[in-house]
There are 2 protein chains.
Amino acid sequence: MKTATLRARLLEAQLDLARLQERAVMLLLTGHAVTRKGRLVNELNHWLENRHTEVHALAPSSEERERPYWWRFWRRVPDRGRIGIFIHGWYGDALFARAERRLSPGAFRDRLAEIRAFEAELAAEGVVLLKLWMDIDRPAQRRHLQALQADPARAWQLSATDWQRHLQHAAIAALGREMRDATAADHAPWRRLAFQDPAPQLQRVGALLHETLVAPPARPAEVTESVPCETPAPPSIRHAGPRGAAPLKKSDYAERLVEAQGRLAINAREMARRRIPVVLAFEGLDAAGKGGSIHRVTASLDARQYRVHRIAAPSDEELALPWAWRFWRRLPADGRIAIFDRSWYGRVLVERVEGLAPESAWRRAYAEIREFERQLLAHGAVLGKLFLAISQEEQLRRFEARAATPHKRHKLTDEDWRNRERWEDYERAIDEMFARTQSPGAEWTLIACDDKRRARLAVIEEVNRRLEMRLASPH
Amino acid sequence: MKTATLRARLLEAQLDLARLQERAVMLLLTGHAVTRKGRLVNELNHWLENRHTEVHALAPSSEERERPYWWRFWRRVPDRGRIGIFIHGWYGDALFARAERRLSPGAFRDRLAEIRAFEAELAAEGVVLLKLWMDIDRPAQRRHLQALQADPARAWQLSATDWQRHLQHAAIAALGREMRDATAADHAPWRRLAFQDPAPQLQRVGALLHETLVAPPARPAEVTESVPCETPAPPSIRHAGPRGAAPLKKSDYAERLVEAQGRLAINAREMARRRIPVVLAFEGLDAAGKGGSIHRVTASLDARQYRVHRIAAPSDEELALPWAWRFWRRLPADGRIAIFDRSWYGRVLVERVEGLAPESAWRRAYAEIREFERQLLAHGAVLGKLFLAISQEEQLRRFEARAATPHKRHKLTDEDWRNRERWEDYERAIDEMFARTQSPGAEWTLIACDDKRRARLAVIEEVNRRLEMRLASPH
């Protein structure tokens, strides 16, 4: 194809992408040093309508270093309709860290598995990936380095790192092969780009990008978590008892509450001091008392340390991005506590039962969620997942009490009554959720809430238990 | 009012705030050291529904330090319906920097003027402000410090800073008075809170917050920029000539374009090296060639350094915040270039002419914009404001050419034709915008675009001129 024709077609395909707003594109370039990646990106970008592109070359900020590794990439996922171009992206990071032995072989393989999971999740959500490996053989790299060095107008582009990567050429080539083999997929293919004259190289990249833009959507990726793990026995909503127990006496409750809250205050302060982030996800049946329980937890916390995120319908900015983005964006910095009042589990509960997400979407969400939680834990976060259950009879009693009390009436909506009619559908979804998202460090805690006092104590005690387990661990 | 009644009413008022989503509340506490601000905030927060509150005590991140001072506060303005509680907020910063002589008296006064402008702008956009000065006399502060010091369970709360602030009690008291006098307003009142037993103090703050929540909206603040300045003579759209000049020959254009783009590449690289941020706002009549001109500018730039922000209708997240928020959120970090394809001037152009903003809103936008731009400049940014003009005849010619060319047809919308019918309304709005937002360092450049080649050259040369002026200045 002639260059002018290619440019016109590429631009047309990009404008279609922007107009339809169905898919986003992520183009990654990584590989050997001094392969003119920057120049290529600049020229390609000049071919595109750059109101709809963004280019990223990362140097993590303090805000990024204080959050799970993938946060820095999640926050840069382009909106549907846009093209994000990443120089090195998550690959350079893995590649060079391994080459410089900052990552062990095992950690490198784990990272590759995380990459597979990340890319599969993006692809399943309509993000199209194209990955370019910039190749150059060792003698050519040496000649190019020497030529740059000798040219006063360009020598500034070189750094000691470039020479070091030249010395490591064989290692980088071998790691690159391993990396490409481990992460090649229909939905995220690798293309190798030989070092050659800039013009044909640009033409090649333009053609590859065009091909990507006009291709029909790839076969949806199968989403799996990067490190599947043993499943501890999950709870079941059908056995949420003991419901028959006598209600806790008010005086006993007050005494135990003070003790538990006092411990929580101390534990939370210690998390801040040790800069450990905490993520608490509260799910539960309507009227089970999520709000009241959260309130009893936050009563012990320093208001500067925590934030409650109430998860309702996504905003239009959130709808333009993969579904998990709105949870990633709310992750706490190190030492902070994020409390989710409803959470990412809405994907496999309300979105499933109400038909808001297609079955294929909520089915793959189990693996996506396991991977999300694994990454939180890998960053050193404490995760608590609490499910607040009540019996059908107790829920009815509470609904009726709410309807009868003026200042509580706002808490009761038509939706609550509708959800109640789908009790069994919800029970089925809840039990499947328990079974499929139970993993070590991310176990579910099912709390029977027919007795409010016992429930609130159980919630605080469970949070304490999780924090204390973490504080007792050596690192 | 009894505490239980107050709590119930406060909660009710907060839930109304959350339900109506018309206003946001910012509550600030500042003042002397060891006045139990943290404790008070925690207790107050416990009275509130904390799904709708957020508490901020700032330690600026690297991302914040790389942007204009007020960015860190703009990004924390609560959404409509929410309450943001700020410990010290922008006041502590000013107060202690002055007390420790990190701010000169003049810089302190300028900061107070910026605060006035910031608060007036927030208030005009429906953010309700309440500011508490936490008072304590010197002997009581000393006694409290000693008591804390002597108590092993609480001594950790103290730092050397607290003792230092005790030694500076008189200075802080005097600065506090000056600060309150300078920033008290109907829309952002100060209340002094005497140091006393926690319970009545909490009661007092609860009552003040309740009063704030149920009060009718304050008389709208008059918005002014903090440091009004001489207005250089503005351009006028009615004299956008020279339109009669002979078109530039293609060969002359190519030669001059290469020269100008080469200079721009060097200038931009120097901005990155010196970590100077650049903000370019492109406005213009439809079909004047904004897109093409921006494209000629970005052709010289490293794609990693810049981003083009196309400003269209606000998202729903943006609509929940003061109008200027969506421009603040897009400000570049130091050394980066943000190019706005349409900008904050939409407020006084399309929003005015099409009646999307009420007259009071676009009228005050002139001062808000002057202040916004002054803050960019104060941070050391280079600002370029380019208005691309064409004659009515030339616009018609281009519209017709677009309609006739298949791959350009998408650029022409019904809105373009509608805007054309309002030519004179737009001219009036444009000239008033020029006159009211012309200020030193933020001058408008009007570029006649009937001849596309001359226009594109003029755009690049104007950007070069601005960058070179900045590079030639001593700091």
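Sequence order as written defines residue numbering, which begins from 1 separately in each chain. To read the labels, note that chains go from A and ligands from 1, taken in the order they are written. Predicted model: local features are reported for residues with pLDDT of at least 70 only, side-chain atom pairs are reported and counted for 80 or more only, and whole-chain, interface and lining totals are derived from all residues.

Points about the relation of the copies chain B and chain A
And step 1. Superposing copies: least-squares fit, C-alpha atoms only, residues required to have pLDDT of at least 70 in both. If you rotate chain B by 180° and push it 0.0 Å along the axis, it lands on chain A with an RMSD of 0.0 Å. Considering both components of the superposition, the chain copies are consistent with a two-fold axis.
And step 2. By definition, residue pairs are in contact when their C-beta atoms, positioned from the backbone, come within 7 Å. Mapped onto chain A, 100% of the interface residues of chain B again fall at the interface, so both copies present the same surface.

Looking at the interface of chain B and chain A
And step 1. Facing the 30 residues of chain B at the interface are 30 residues of chain A.
And step 2. Elements with a minimum of two residues in the side of chain B that touches chain A: helix H1 (3-20), helix H2 (37-47), strand E2 (53-56), helix H3 (62-65), strand E7 (306-310) and helix H13 (316-319) of chain B.
And step 3. Polar here means any residue outside two lists: the nonpolar Ala, Val, Leu, Ile, Met, Phe, Trp, Tyr, Cys and Pro, and the charged Asp, Glu, Lys and Arg; Gly therefore counts as polar. The residue inventory of the side of chain B that touches chain A, partitioned by class, reads eight nonpolar, eleven polar and eleven charged. The helix count covers DSSP runs of H or I at least four residues long, the strand count covers runs of E at least two residues long, and both are numbered beginning at the N terminus.

Some remarks on the UniProt feature "domain: Polyphosphate kinase-2-related" (unreviewed entry) in chain A
Residue and element names in this part refer to chain A.
And step 1. UniProt marks residues 3-191 and 248-470 with the feature "domain: Polyphosphate kinase-2-related" (unreviewed entry), using the numbering shown here.
And step 2. Spanning residues 3-191, this segment combines 55% helix with 14% strand, and its end C-alpha atoms are found 20 Å apart.
And step 3. Within residues 248-470, the helical portion is 53% and the strand portion 13%, while the C-alpha atoms at the span's ends are 29 Å from each other. UniProt positions are given in the numbering used here, feature names are shortened, and annotations may be inferred rather than shown by experiment.

So, the sheet that holds strand E8 (residues 337-341) of chain A
Residues and elements named next belong to chain A.
And step 1. The sheet built from five strands is open, its strands ordered E7-E8-E6-E9-E10 with parallel pairing. Whereas interior strands pair on both sides, the edge strands pair on one side only; in this sheet they are strand E7 (306-310) and strand E10 (444-448). Neighbouring strand axes in the sheet, compared pairwise and without regard to direction, differ in orientation by 20° on average.
And step 2. The pairing criterion for strands is at least two bridges between them, as found by DSSP. Of the strand pairs in this sheet, E7 and E8 are connected by five bridges, and their pairing is parallel. Paired with His309 across the bridge in E8 is Phe340. Each axis is a line fitted through C-alpha atoms, taken for helices only over the stretch in contact, and angles between the N-to-C directions span 0 to 180 degrees.

Considering the domain arrangement of chain A
How large an interface is tends to be reported as the accessible area lost when its parts come together.
Residue and element names in this part refer to chain A.
And step 1. Entries for chain A in the domain assignment read domain 1 (3-214) and domain 2 (245-472).
And step 2. Domain segmentation is taken from an automatic or database assignment of domains. Of note, the centres of domain 1 and domain 2, computed from C-alpha atoms alone, are 39 Å apart.
And step 3. In this complex, domain 1 contributes 18 residues to the contact, which on the side of domain 2 involves 17 residues.
And step 4. In terms of residue count, helix H6 (residues 105-124) provides more of the side of domain 1 that touches domain 2 than any other element does, four residues in total.

Considering the environment of Ala333 of chain B
Residue and element names in this part refer to chain B.
And step 1. Within the secondary structure, Ala333 sits in the loop between helix H14 (325-328) and strand E8 (337-341).
And step 2. Once C-beta atoms are placed from the backbone, each residue is buried if 20 or more other C-beta atoms lie within 10 Å of its own, exposed if 12 or fewer, and partly exposed for counts between those two. Judged by C-beta crowding, with 16 C-beta atoms within 10 Å, Ala333 ranks as partly exposed.
And step 3. Expressed as a C-alpha distance, the spacing of Ala333 and Val278, which sit 55 residues apart in the sequence, is 9.0 Å.
And step 4. Excluding residues within four positions of it along the chain, Ala333 makes contact with Glu63, Glu66, Arg67 and Pro277.

Things to note about the packing of helix H5 (residues 89-99) of chain B against helix H6 (residues 105-124) of chain B
Residues and elements named next belong to chain B.
And step 1. Taken N-terminus to C-terminus, the directions of H5 and H6 make an angle of 170°; their axes are 10 Å apart at the nearest point. Taken together, the axis directions place H5 and H6 in an arrangement best described as roughly antiparallel. Residue-level inspection shows Trp90, Ala94 and Arg98 of H5 in contact with H6, the latter providing Phe108, Arg111, Leu112 and Ile115.
And step 2. Looking at the contact of H5 with H6, its residues break down into five nonpolar, no polar and two charged. Convention used here: angles under 35 degrees read as roughly parallel, angles over 145 as roughly antiparallel, angles from 65 to 115 as roughly perpendicular, and any remaining angle as oblique.

Observations regarding the pairing of E8 of chain B
And step 1. With respect to burial, E8 of chain B is a largely interior element, five of its five residues being buried.
And step 2. Every second residue of E8 of chain B is oriented toward a common face, with Ile337, Ile339 and Asp341 of chain B on one face and Ala338 and Phe340 of chain B on the other, all of them buried.

Observations concerning helix H11 (residues 250-273) of chain A
And step 1. Given a rise of 1.5 Å per residue, 24 residues ought to cover 34 Å, and the 34 Å separating the end C-alpha atoms of H11 of chain A matches this to within 8%.
And step 2. Phi turns positive, to about 55°, at Arg275 of chain A, one or two residues after H11 of chain A. One less than the number of residues in a helix, times 1.5 Å, gives the span that helix is expected to have.

As for the packing of H2 of chain B against helix H10 (residues 198-214) of chain B
Residues and elements named next belong to chain B.
And step 1. It is the contact of H2 with H10, at a shortest axis distance of 10 Å, that shows an interaxial angle of 60°. By the angle between their directions, the pair H2 and H10 is classed as oblique. When you trace H2 past H10, the crossing you get is right-handed. Only Pro198, Gln201, Leu202, Val205 and Gly206 of H10 make contact with H2, whose side of the interface consists of Arg39, Leu40, Glu43, Leu44 and Trp47.
And step 2. Of the residues belonging to the contact of H2 with H10, the class tally is six nonpolar, two polar and two charged. If you view the pair so one helix is near and one far, a crossing is left-handed when the near helix is turned anticlockwise from the far one by less than a right angle, and right-handed when it is turned clockwise.

Here's the deal with unusual backbone geometry
And step 1. For Gln21 of chain A, which is not glycine, the phi dihedral falls at a positive 50°.
And step 2. For Gln21 of chain A, the location among the structural elements is in the loop between helix H1 (3-20) and strand E1 (24-31).
And step 3. Positive phi is not limited to glycine here, since His88 of chain B has a value of about 70°.
And step 4. As for its position among the elements, His88 of chain B is in the loop between strand E3 (83-87) and H5.
And step 5. By the C-beta count within 10 Å, which is 19 here, His88 of chain B ends up partly exposed.

Description of the pairing of E10 of chain A
All names here are of chain A.
And step 1. Most of E10 is tucked away, with four of its five residues classed as buried.
And step 2. Summarising the sheet, strand E9 (residues 382-389) and E10 pair through five bridges and their orientation is parallel. Bridge assignment links Leu388 to a residue of E10, and that residue is Ile447.

Points about the sheet that holds E8 of chain B
Residue and element names in this part refer to chain B.
And step 1. Pairing within the open sheet is parallel, and its five strands lie in the order E7-E8-E6-E9-E10. In this open sheet, the two strands that pair with only one neighbour each are E7 and strand E10 (444-448). Direction aside, neighbouring strands of the sheet carry axes that sit 20° apart on average.

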